[in-house]
Every structure is written in C-alpha cells, then in structure tokens.
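Spelled out, the chains give:
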Amino acid sequence: MTDTLLPNGIKNSRGDSSYFKKGCNPFAQTGRSKLQNKRASLNQQIIKEMRMRAGAENLLKATSNNKVKEMVLLELSYVNANLQLLMGQLEGLNSSVEVYQNTQETANIPLIALGLKETKEINFCTPFKDFILEHYSEDGNSFEDEIADLMDLRQACRTPSRSVAGVEMLAKYYSHLPLLESRFFSPNRQTGIFFTWYDSFTGVPLCQQNLSLEKASILFNMAALYSQIATRSDRQTIVGLEEAIASFQKAAGVLNHLKETFTHTPSYDMSPAMLSMLIRMMLAQAQECLFEKTVLPGIQNQFYTLMKMAQEAAKVSETYDQVHQSMIQTPIKDNVPFFWSTMSQVKTNHYRSMAHYFVASALLDHQLGPSDDEDKQEKTLSQVYDRLPEGRSPLDILKKKEERERIGKAHIRRAILGHEEALRIYGLCHDLNKLEILEDILKASHQRSLKKQSENDNEEEFTDYIEAPDIISKTEHKAEMEVPATTKVKVTDFFQRLGPLSVFSAKQRWTAPRTVRLCTEDRDLGFTLKGESPVQVVSLDPLCPAAADGLKEGDYIVAVGDTDCKWSGVSDVMRLLKDVNEEGIDIQVVSMMDSNPPMPTKSATFCGNLPKTYSMICLAYDDDDKNPKSRKVTKKSSFLSWGLKNKLKSASTLSLPTADHSSTQPWNKQYPTFPSSSSYNNDSALY
C-alpha cells in the first residue's frame, strides 16, 4: 500500500511547500488493518463495560437497600464476566502473529510483533485558536491551515504504513510535540485538550491533559512498527535477515529510550517492568535472526563448526529463557498474552535441544585422528562445558572412543527430551496450535534427533545412562540495542509565524502589541537595538519622542509599519528604520511582563478502580456530550518539567546611524530539550 504526499502548509527556503507522509487507508481490507480495526472495536466495548461497572459500584456504595444491592451485585458479576471475555479477545489479537509474518516464508519459526496503540481523534481548532487570540494577541483564524496540517499529521500517525516511511512519519510528529508544548501548553493553564490512549494489552484507556502520554505512546508505536517491519522481512535471504536484525535492535533501542525518558507513564504496557520485558524479547528475536543468518548458508559437518553452532544455539536458548522468566513475574504475567510466554518457553527448549544435538553430532560423527590437532580440540571441548562428568577430562573424552560415545549419546538423549518438552508445551496453548509451521519444525527437529540416536544405538551394549553436562552459551555476534536516528528529526514549526520560541512561548507573558510613533531628531531615534530576533530596545533616552509615546526599555519590536519583524535581526530592522522621514513611522512593540507564576498545575491523569490503570474521564465523557462543565477531573502531579539548555547568543546593538556590539543577552530565552527522567513525579501507586 503506497503512502500519499500531502502539503503541510510550511514553505521551505526555496518557497515550495514541503510534504509529510499520509498514513495507510484505515478501511483497507488487509490483515493488519482488520486486526487494528478489531482492536479499536474491542477498546470501545471495554469502555462501555467500564462505564457500567463504575456506575454500578457507585450505586452499590450509595444505596442501603438490600434488594438493590443484590441486583447491583448480580449486574456487576455480568459486567465483570463480559470484561474478562473482551480482554480475552484482546489477548487473542496480540497472539495473532501470523498476520505480521512474511507471506513467502515456509521454513522459519514465527516471530512476535507488537500491536499499535490506539488513540482517539483530537480537534485542536478551538483550543488553539482561543489560545492564539488570548496569549499571542493574534487572530486564531489566520492559523487554520497550520492547525489543519497538524491534525492531518496526527490522524495519519494512527495508521502508519509498515515501512521506514511510516516510522519517519511518527518521528516527525514526535519531533513536533516539544514545539507544540512550548507554544500552547502553559505551566499554569490547562488547554482543555484530552489525549486518550488505550493500553495495547488490556484495552484500558488512559487520559491526560499534557503531552507526556502523547510522546510516550508515539515512541511505543515507533517500536511496534519496527517490530512489524522485522517480522515481515524475508528470512530466507541474507538481506531480509539483516533487515529483521536491524529492525528488532532499533525496536529495543526505542523501547529503552521510552523507558529512560518517561519513567512514570501510568500505563501498564509502558511501565518499567513491561518495557524491560519487551526489550528482552526484541533482543532475543534479534539474536534468533543472527543465528538463522549463521546457519542459512549451511552448517559444515566439522568438529569445530558443530561445537561453535552448539554454543550459538545455546545463546538463543538462554536469551529466550530470560524473556520467559521476566514474563512470569507478578507485575507482568497478568497482562502478557499466554501465547507469548508459551512461545518463549517453546523456543527455549527447542534451541537448547539443538545445541545438544550439535554437540552429539560432533562427538559421535568425528573421532580424534592422527592428523587432528589434539590440543585445539581439547581447548574447544573444555570451552563448551561449564563442568564435566566426575572423573572425566576433555582429553579422556576425545581419546577414548567409549567415553566419547557415552557423552555423545547422553547429549542426544537430552536433545530428544528437550524436543518432546517443546512439543508438549506447544500443545498446551490453543493459539499456538494454529501455527502449523511451528509444529512441523518442532517435529522435524525431534525426528532428526531420534534418527541420530538410532544410528548410534547398539542393542548389545550395556546402557550406562549419564547426565549430559550443560553447554556454555557463546556468540560472535550479540544483539545490541540501537537507538535509531529517526527519534531526533529536524522539523519546521507549524506555528513559526507566531515568532521565535525563545520569546514567544506559552511560558512567557507579555503585553498586547502597542503602536509607537517614531520620529527622528538629528537622525537619532533616542535608543539602540540589540539581539537577533526579535530585536530589543535598550539605552532608551527617556526624553526622546518615542519614550513620550509609550516606548519602554526592554521592549521587543514585532512590526515596523506593515512589516512583521518577529524573525528580523538588527540589520533587517535597521534597514526599515534608516529611511524614516520627518513624518515618522509606526512600530509595534510588546513588553515582557515580570511574573512569578505559581507552581505548575497538576496534570489530569484519570484512574479507576480496575486492577489496572484506567481513565475515569473516558467513563464520564461521552462523545455526543461536548459540555465541558459535565466533566469532573481529578488532578494528579504534572509530568511537565523541562530540562533547559542555555544557548549563548552574540549580541549586537544599533544606534542609528551607527552600530555598537555588546555582550551576550541576558534576556535570551532558553530552548527546551528532552525531559530528563528525574523530572517526572513519582507515582508508583499507579502500577
């Protein structure tokens, strides 16, 4: 499905309109679109049941009539049962991994992809127009195109294409969010905009009035999109495997960035414990793809090669075992799909059995000959085991044929037991049984081990069962987290016409524009200018005509005549003022207001009485009811606490008709950077 180019209304340096990508058609009948539509439908049904549940519980607390209580309890039992069924269906959607797999794959174990978080559509028009009129003293209607482009971009981010272009579109919107926060989200005033996102595992909605949830959810969807790109890659080719490896590593990097940046997002799918598990799972799948890349050209039947592949397979098994252990921990196991934990357990046993099969093949199929390097084989074997059976050394196993065969048979027995355990666990999960290709691969591996055992089975030999030692995991190519460059994309501010963010931001307060008449006296205006943009009035002569007309020390010049000067530097303003005649010229100025605003208002994070975080605003808020007075909001601590980076600017002053260069400007405002993890309020009770 191809993307569509839409103009964003912003002119570049060449005067042409730049473009951003539009998302996929949400009504397209593709498997992924159908899955997301089902997810959105389930989310709405869960909201409906939660509203009924909240109302029933409130009635139960308010009434003292026993008959009413019995009826309410009966209704609650039905509602809770429906919620369990709906969440079970949502778990089934998260288990539908076959939708994300490459359609041409026939011999690879399926991989797990994350589903996209769903969100509600938001109308920025009225809040932003009102804020522009009230705060910036400009006509909000003149910014309709910019607001429409912003809303189009956000709408497109709800259905991104499963490609690098889709990730870039999410990254562009993510890069716009800090600019929007600086423009419109004042620390001491709420905009009335509610950002609602649904938990990808439980369907439970979360609603906030600040942009922390929006930023975190976009990052989560970027990681989810990378995981979907990885699972779609053709793993029958080296190029496809490299794409899958890179995408899984980038998904892990984005999730880790989300974990470190937004440490207290009150959503279970973005809690630190859940994100840690997802990072492990992405890296484990990347390690599995690295193993597949190694074996794709074929495995040579040589002693050293087989031992190397045994340790590589043991490494994949070890990583999946760590994933499974994190999935069965108490904070996570209630929300992770049973399919995921079962799949990780199956792969743990499968790859461990493969490791034992490779060691068994190396010992049973190859004998130490006169031309073989005895010391090298001894060193290789000693590095494979963490411990050897009592009374045996690596050299004894290599030289003595009987010992070599006994240890090799012990490994093949352990491989068979592991494959049987993987098949047993596979049969326990209903959703896993739908993956016939996985069953075929497990059975084929089991039959291969049985064949190896039958080839080396001697009925006349006395059976001496010993336990095969564990195999040390080792890899030459370890999967590592990779933070993609797309998380930091340079974008053009939609609302740059409002002026430089260093001055014209939601945090600053200034007077409405005032008109001042400038007249020259002996070619002297009575003040100097300094700064980059906008320029500031300094060294004002209190007796000059401009001061008498209302010009003040420290005023910013925003317009000269009919020319907007918010982005003009000293030289540009000088050219406009140098030809002032005797009649003079009108300029517009604003004065920064000294204000010590109160503590930032707390962000509205709404939670219910579910065992999971739930947004009560989503229960009380009806899409058909737009009356804001009916909304009752419980406020919690704000997530907004920006780290600021000082940016020193060279200063220049201008005294018509001469110029003077002075020191750096103390009035330059600081630019926002990424919020640090320590800047968020600690609200551990939400988890």
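Everything discussed here concerns the structure shown above.
(A) Region of the structure containing the packing of aromatic side chains. One pass over the structure, following the stated rule, counts 15 aromatic pairs. Plain terms: the ring middles of Phe-128 and Phe-495 are 6.0 Å apart, the flat faces sit at 80 degrees to each other, and that makes the pair edge-to-face. Of the two residues, Phe-128 is situated in helix H3 (residues 125–135) and Phe-495 in the loop between helix H15 (436–455) and strand S5 (514–518); the sequence distance between them amounts to 367 residues. Each member of the pair, Phe-128 together with Phe-495, is buried. Seen in terms of ring centroids, Phe-184 and Phe-495 are 4.8 Å apart; in terms of plane orientation they differ by 80 degrees. Their pairing is edge-to-face. You can see Phe-184 sitting in helix H5 (residues 164–184) and its partner Phe-495 sitting in the loop between H15 and S5, a full 311 residues away along the chain. For the pair shown, Phe-184 and Phe-495 are each scored as buried. Its end group placed over the ring of Tyr-357, Arg-448 keeps NZ or CZ at 4.5 Å from the ring centre. The ring of Phe-143 carries the charged tip of Arg-497 above its face, separated from the ring centre by 4.1 Å.

(B) Quick peek at unusual backbone geometry. Residue Pro-534 is reached from Ser-533 by a cis peptide bond, and omega for that bond is -5 degrees. Looking at the secondary structure, you find Pro-534 in the loop between strand S6 (528–530) and strand S7 (536–538). Although it is not a glycine, Ser-137 sits at a positive phi angle of roughly 55 degrees. Tracing the sequence through the fold places Ser-137 in the loop between H3 and helix H4 (144–157). Since its relative accessible area comes to 33%, Ser-137 is described here as partly exposed. One non-glycine residue, Ser-539, adopts positive backbone phi at about 50 degrees. When you line up the elements, Ser-539 lands in the loop between S7 and helix H16 (545–548). On the basis of relative accessibility, which here comes to 52%, the residue Ser-539 falls in the exposed class.

(C) Structural context of the pattern of salt bridges. Following the criterion strictly, the structure yields 22 salt bridges and no others. For Glu-146, the salt bridge goes to Arg-497, with nearest N and O atoms at 3.1 Å. Residue Glu-146 is found in helix H4, and its partner Arg-497 is found in the loop between H15 and S5; the two are separated by 351 residues along the sequence. Classification of Glu-146 as buried rests on a relative accessible area of 9%. The class of Arg-497 is partly exposed, set by a relative accessible area of 39%. Ionic pairing is found between Glu-181 and Lys-215, a salt bridge with its closest N-O pair at 2.7 Å. A residue pair is termed long-range when its members are at least 10 positions apart, and Glu-181 in helix H5 and Lys-215 in helix H6 (residues 212–232) qualify at 34 residues.

Calculation criteria
Residues numbered from 1 in each chain as written. Predicted model: local features only at pLDDT ≥ 70, side-chain atom pairs only at ≥ 80, totals over all residues. Heavy atoms only, no water. Phe/Tyr/Trp six-rings, centres within 6.5 Å; stacked < 30°, edge-to-face > 60°. Helix = DSSP H or I, 4+ residues; strand = E, 2+ residues; numbered from the N terminus. Buried < 20%, exposed > 50% of the residue type's maximum accessible area, 1.4 Å probe, protein only. Lys NZ or Arg CZ within 6 Å of the ring centre and 35° of its normal. Salt bridge = Lys/Arg side-chain N within 4 Å of Asp/Glu carboxyl O.

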